[in-house]
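Working through the structure, step by step
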Amino acid sequence: MRSFSTLQIALGASFAVHAVLLTVRFIDPEGFNRVFQDTPLEVILVNARSNEKPEKAMAIAQASMAGGGEAAKGRATSPLPPSAFTELGDAAEEAQRKIDAMQDQQMVMLAQVRRMLAAMPPPDPQQDKKNPESVAREDRRRQLVKLLAEIERRINEENARPKKRYISPATREAEYAIYYDGLRRRIEDRGTQNFPELAGQKLYGELTMIVTVNFDGKVLDTEVVESSGNLTLDRRAQAIARAAGPFGKFNDAMRRKADQIVVVSRFRFTRDETLETKLTNR
């Protein structure tokens, strides 16, 4: 430092300060915020990549991926498949009441259309077909006949389908409660006597299952809608429910309301090596 004069040292310091200042970039902070406000992309992780880049990015990820999946537009909002539960419990009971009301309305409409057709004069082939009044009357007749055929078709389709009744905590009818109690006891006894095990080890856990029973007491279907996390236990629980049947024929009161009942139950295989079942809405 002694070999440099005071002027040289001052010039060097000035040069260093100006060099640092020239590397600093000044921008409008509000404009910088707009960059993020105008492109609100969600940050996600993807488990695949593709060489093709998307035309319009919908999220920020660690790798490029040009779409795919089953979503018609955009990305799926959930990584899980559609749940098997749609409307059970109180919702199912309310839906059933709406269906019954619609069927009553259909029957009323059917009777009204038939009365309107019966009140119309029969077609007269001798009348002038170019008469506006005759043409309007025949158009009206054709419309009523078409409407009558459509209503009858819908009623026949609905009558051809089996009537289902969901048994849940919301169900209060005595006939269903008595039938379910016998069904529950049969399944619990079967599960306790044949407690599931694998390679000599007892299997414990909980799962939710839908059991569909026909009017003759036979088990038509079993579906695990909330797994225990153990596939072997889920399958053994389904086998227990099927083997517990048949549960007996529906009585007259039940038969008038339903061809099948759908029971949604929570199966619990306890450490006491017993099976406990409980009605649930989910």
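Residues numbered from 1 in each chain as written. Predicted model: local features only at pLDDT ≥ 70, side-chain atom pairs only at ≥ 80, totals over all residues. Heavy atoms only, no water.

This part takes up the overall build of the protein chain. Looking only at helices and strands, the protein chain has seven helices and nine strands in total. A total of about 20600 Å² of accessible surface is found on the protein chain, and carbon and sulfur atoms cover 54% of it. (Helix = DSSP H or I, 4+ residues; strand = E, 2+ residues; numbered from the N terminus. Areas by Shrake-Rupley, 256 points an atom, 1.4 Å probe, with all protein chains shown as cover.)

A residue-level look at the protein chain finds 64% of positions with pLDDT of 70 or above and a mean pLDDT of 75. Per-residue pLDDT, averaged within each element of the protein chain, yields its smallest value for strand β1 (residues 42-43) (50) and its largest for helix α6 (residues 231-244) (95). The model gives residues 75-89 a pLDDT under 50, and that stretch makes 21 contacts with residues more than four places away or in other chains. (pLDDT = per-residue confidence, 0-100. Contact = heavy atoms within 4.5 Å.)

Moving on to the pairing of strand β9 (residues 275-279). Burial of the side chains of β9 is restricted to one face: Leu275, Thr277 and Leu279 are buried, whereas none of Glu276 and Lys278 on the reverse face is. As judged from the five bridges shared by strand β8 (residues 260-269) and β9, these two strands associate in the antiparallel manner. Its bridge partner being in β9, arginine 268 is matched across the sheet by glutamate 276. Where β8 folds back on β9, the antiparallel hairpin that results is connected by five residues, among which glutamate 273 adopts a positive phi of roughly 60°. (Buried < 20%, exposed > 50% of the residue type's maximum accessible area, 1.4 Å probe, protein only. Pairing = 2+ DSSP bridges.)

Tallied over the entire structure, the rule returns three aromatic pairs. When the ring of phenylalanine 195 is compared with that of tyrosine 204, the centres are 5.8 Å apart and the planes differ by 50°; the resulting orientation is tilted. Given a relative accessible area of 28%, tyrosine 204 falls into the partly exposed group. With a centroid separation of 5.7 Å and an interplanar angle of 80°, the aromatic rings of phenylalanine 195 and phenylalanine 269 are classed as edge-to-face. You can see phenylalanine 195 sitting in the loop between α5 (174-193) and β4 (197-198) and its partner phenylalanine 269 sitting in strand β8, a full 74 residues away along the chain. Among the residues examined, phenylalanine 269 registers a relative accessible area of 2% and is labelled buried. (Phe/Tyr/Trp six-rings, centres within 6.5 Å; stacked < 30°, edge-to-face > 60°.)

What follows deals with the side chain of glutamine 238. Mapping glutamine 238 onto the fold places it in helix α6. Ignoring any residue separated from it by four or fewer positions in sequence, one finds glutamine 238 in contact with Met209, Thr222, Glu223 and Val224.

This part takes up the pattern of salt bridges. Evaluated as defined, the whole model comprises ten salt bridges. Ionic pairing is found between arginine 255 and aspartate 259, a salt bridge with its closest N-O pair at 2.4 Å. Note on aspartate 259: relative accessible area 16%, which makes it buried. Residues joined by salt bridges that share partners form a network here, namely Glu206, Glu226, Arg266, Arg268 and Glu276. (Salt bridge = Lys/Arg side-chain N within 4 Å of Asp/Glu carboxyl O.)

Turning to the nonpolar core, a few remarks are in order. Within the largest apolar cluster, 28 residues are counted, with the highest numbers of intra-cluster contacts made by Tyr179, Leu183, Ile187, Val213, Phe247, Ile261 and Phe269. Mapped by element, the contributors of at least two residues to this core are α5, β6 (205-214), α6, β8 and β9. When sequence neighbours within four positions are dropped, the list of residues in contact with tyrosine 179 reads Val213, Gly217, Phe247, Gly248, Lys249, Phe250, Met254 and Ile261. In this structure, Val113, Met120, Leu148 and Ile151 belong to the second largest nonpolar core, which totals seven residues. (Core = buried A, V, L, I, M, F, W, Y, C linked by side-chain atoms within 4.5 Å.)

The first and last C-alpha atoms of α5 sit 29 Å apart over 20 residues, in line with the 28 Å expected at 1.5 Å per residue. Looking only at α5, the buried set comprises Glu175, Tyr176, Tyr179, Tyr180, Leu183, Arg184, Ile187, Glu188 and Gly191. Those residues of α5 hidden inside the fold are in contact with β3 (164-167), β6, α6, α7 (252-257), β8 and β9. (Expected span 1.5 Å × (residues − 1).)

Attention now moves to unusual backbone geometry. For residues besides glycine, phi is generally negative; the peptide bonds are generally trans as well. For the bond from glycine 245 to proline 246, the omega torsion is 0°, close enough to zero to count as cis. Structurally, proline 246 is set in the loop between α6 and α7. The phi dihedral of alanine 199 is positive, around 55°, even though this residue is not glycine. Within the secondary structure layout, alanine 199 lies in the loop between β4 and β5 (201-202). Taking the relative accessible area as the measure of exposure, alanine 199 reaches 77% and is therefore exposed. The phi dihedral of glutamate 273 is positive, around 60°, even though this residue is not glycine. Mapped onto the fold, glutamate 273 is located in the loop between β8 and β9.

The next point concerns the side chain of threonine 212. Locating threonine 212 in the fold gives a position in strand β6. Setting aside its immediate chain neighbours within four residues, threonine 212 contacts Lys218, Val219, Leu220, Asp221, Gln260, Ile261 and Val262.

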